[in-house]
Amino acid sequence: MKCRQLLIKRWKIKVMAVLNCCNFNHSIQIIRSLRYQINHVAFNSFWYIKLRGYVILSNVSSTGNDSDCGCSRVKQPQLSTASRQKMATRVLQRVGKGLKQTKNGLQTNGQVTVVVRSLSAFREDSWFKSLFVRKVDPRKDAHSHLLAKKEDNNLYKIQFHNVKPECLDSYNELCEDILPSIHADPEYPCELVGTWNTWYGEQDQAVHLWRYRGGYPALTEVMNKLRQNKKFMDYRNERGKMLLSRRNQLLLEFSFWNEPVPRPGPNIYELRSYQLRPGTMIEWGNYWARAIEIRQQNHEAVGGFFSQIGSLYTVHHLWAYKDLQSREITRNAAWQRDGWDEVVYYTVPLIQHMESRIMIPMKNSPLK
């Protein structure tokens, strides 16, 4: 009961924020931000779905002047705090009576009208319903089969090594001696895609990206052969003395990204990592399949990957820029192209956590 009271209070605050909002798009965004709270409560989700549909504003009108925000689409409601609180309370109280009561709207003091467009807006295929309820279609293929490239069978491994600050130079020298030799040896069905030190982000960190042509069998073959390689085992033992921690992930490549290929330098690289909400990978892929066309014009896109083993529902986007200034110019230019703002608007709610690393290539990195 206490949990229910706290959540009702939270919803009441959010409903008041919508009623106080002069911008229709912003009010939609407020309600969209609540759609994922369903995963963190213990009682009937249908109650929340009905409330989402009920409080969305399709029109807020007023007899007063336009608001100072310059919004020409909707005028600022002239309501006192008490009136807004009363209206929010009424919305919460009437949710249980069903959506049919919303057809004619809710009117208070002749100044504000809250309208749900019509009950037909909740058709099975309606865009309005898609704002609040994510329909998960039954599928007979794993998400990885739908998103990954089918023409090849590449598997990627990304390694994050946190190095003792006083050992970073020695660590780099050790890696520059061993890693390129594995990359160049035809006995190992793997390639070093890139190896970097983090410049901005986590400090004293090395990042290595490997590609295994042949998928999991190739990975197993490489691991078995390396265990018999005395030089590599000596490298591992010596490396262990220099590290504070390490972690890795096995990745697949998005089908709509280019395969990472060696490029001349000098460049800096940005690794943007996104922790998505479970169940949203297909939705993310659908939006980015269109977005990547916008971000390819300056050839800054290097590779896009999603995790299979390790931290799940993780996406990594790898970008290359000449310097930090060109990064800023390129990213700002994307906002001037049609469709980029829409991609950002619809993908941000899918993210639980995001992180950016600016990285400098090591001397022998194929990505210079």
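Quick notes on the rules
Residues numbered from 1 in each chain as written. Predicted model: local features only at pLDDT ≥ 70, side-chain atom pairs only at ≥ 80, totals over all residues. Heavy atoms only, no water. Buried < 20%, exposed > 50% of the residue type's maximum accessible area, 1.4 Å probe, protein only. Helix = DSSP H or I, 4+ residues; strand = E, 2+ residues; numbered from the N terminus. Arc of directions from axis to C-beta. Contact = heavy atoms within 4.5 Å. Polar contact = N/O pair within 3.5 Å; in protein donor to acceptor, adjacent residues only side chain to side chain. Phe/Tyr/Trp six-rings, centres within 6.5 Å; stacked < 30°, edge-to-face > 60°. Lys NZ or Arg CZ within 6 Å of the ring centre and 35° of its normal. Core = buried A, V, L, I, M, F, W, Y, C linked by side-chain atoms within 4.5 Å.

Caption draft 1: Just helix α11 (residues 324-334), in detail. Within α11, the full set of buried residues consists of Ser326, Arg327, Thr330 and Ala334. Along the axis of α11, the buried positions cluster into a sector of 105°, meaning they face one direction only. Lining the buried residues of α11 we find β7 (268-276), α10 (281-294), β9 (314-321), α12 (340-347) and β10 (351-361). The N-cap residue of α11 is Asp323: its side-chain oxygen and the backbone nitrogen of Gln325 are 3.2 Å apart.

Caption draft 2: Just the packing of aromatic side chains, in detail. Tallied over the entire structure, the rule returns 15 aromatic pairs. A ring pair is formed by Tyr274 and Trp284, whose centres lie 5.0 Å apart and whose planes are at 50°; its orientation type is tilted. Residue Tyr274 is located in strand β7, and its partner Trp284 is located in helix α10; the two are separated by ten residues in the primary sequence. Among the residues examined, Tyr274 registers a relative accessible area of 7% and is labelled buried. These aromatic residues form a ring-pair network of at least three members: Trp257, Tyr274, Trp284, Trp288, Trp319, Trp335 and Trp340. The residue whose ring lies beneath Arg247 is Phe160, and the NZ or CZ to ring-centre distance is 4.2 Å. In this structure, Arg295 packs its charged tip against the face of Trp319, placed 4.1 Å from the ring centre.

Caption draft 3: The arrangement of the nonpolar core in detail. Core analysis: the largest hydrophobic core is formed by 53 residues, its most contacted members being Phe254 and Trp284. Core analysis: the next-biggest nonpolar cluster, separate from the first, contains 16 residues, Phe160, Leu209, Phe305 and Ala320 among them.

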